[in-house]
Amino acid sequence: CQAIEGAMYAFPKVEIPKKALEEAQRQERDADELWCLELLEATGVVTVPGSGFGQEPGTFHFRTTILPPDDMLEDMIVKVSAFQADFLKKY
């Protein structure tokens, strides 16, 4: 069996509160773009807004790769989870 050598992505759904939606609108950004930019600034984790991939209206997602080694992937999940908790408190 050969190891996988292609890109593999996940598209997790993310909750974006009303105040964050208003802030995104004020900045003339999609709400998930605001989320991704704030995630990057806070954690260094790079993601892509789901709005570029045809998500259903009123839902928010981000795209991320799931190819890093397990320990790096686990660290990323911890960072994203902590960021989301802070994001919900902020907005």
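An account of the accompanying structure is given in this report. (Residues numbered from 1 in each chain as written. Predicted model: local features only at pLDDT ≥ 70, side-chain atom pairs only at ≥ 80, totals over all residues. Heavy atoms only, no water.)

## Examining the packing of aromatic side chains
Each aromatic ring pair is specified by the distance between its two centres and by the angle formed by the two planes. Applied cut-off: Here a Phe, Tyr or Trp ring, Trp counted by its six-membered ring, pairs with any other such ring whose centre lies within 6.5 Å, and the pair is stacked when the planes are under 30 degrees apart, edge-to-face when over 60, and tilted otherwise. By definition, any uninterrupted DSSP run of H or I lasting at least four residues is a helix, any uninterrupted run of E lasting at least two residues is a strand, and each is numbered from the N terminus. The classification of residues rests on relative accessible area computed with a 1.4 Å probe and restricted to protein chains. Under 20% of the type maximum is buried, over 50% is exposed, and intermediate values are partly exposed.
The final tally for this structure, using the stated rule, is five aromatic pairs. For the pair Trp 35 and Phe 62, a centre-to-centre distance of 4.7 Å together with 20° between the ring planes defines the contact as stacked. Placement of the pair is Trp 35 in helix H2 (residues 31-43) and Phe 62 in strand S3 (residues 62-65), with a sequence separation of 27 residues. Neither Trp 35 nor Phe 62 differs from the other in exposure class; each is buried. With a centroid separation of 5.4 Å and an interplanar angle of 80°, the aromatic rings of Trp 35 and Phe 83 are classed as edge-to-face.

## What to know about the layout of surface pockets
For the record, the criterion: Grid points spaced at 1 Å and placed over the protein atoms alone form the basis of the search, with a cavity being a set where a 1.4 Å probe fits but cannot get out and a pocket an open set showing protein on both sides within 12 Å along at least five of seven lines. Lining residues have an atom within 4 Å of a point. Grid points are joined across faces, edges and corners, and a volume is the space filled by probe spheres set on the points. Charged means Asp, Glu, Lys or Arg here, nonpolar means Ala, Val, Leu, Ile, Met, Phe, Trp, Tyr, Cys or Pro, and polar covers whatever is left, Gly included.
In this model, the largest pocket occupies a volume close to 170 Å³. Pro 12, Trp 35, Phe 62, Ile 77 and Val 80 are the residues nearest the centre of the largest pocket, which is lined by 13 residues in total. When contributions to the lining of the largest pocket are tallied by element, the ones reaching two or more residues are S3 and helix H3 (70-90). Broken down by element, the lining of the largest pocket gets its largest block of residues, five residues, from H3. Considering only residue class, the lining of the largest pocket consists of ten nonpolar, two polar and one charged.

## Some points on the nonpolar core
Let me state the cut-off plainly: In plain words, nonpolar cores are sets of buried Ala, Val, Leu, Ile, Met, Phe, Trp, Tyr and Cys residues tied together by side-chain atoms within 4.5 Å. Here a residue-residue contact requires only that any non-hydrogen atoms of the pair lie within 4.5 Å.
Grouped together as the largest cluster of nonpolar side chains are 18 residues, with contacts concentrated most on Ile 16, Trp 35, Val 80 and Phe 87. Mapped by element, the contributors of at least two residues to this core are helix H1 (18-26), H2 and H3. Sequence-distant contacts of Ile 16, that is, excluding residues within four places in its chain, are made with Leu 21, Ala 31, Asp 32, Trp 35, Phe 60 and Phe 87.

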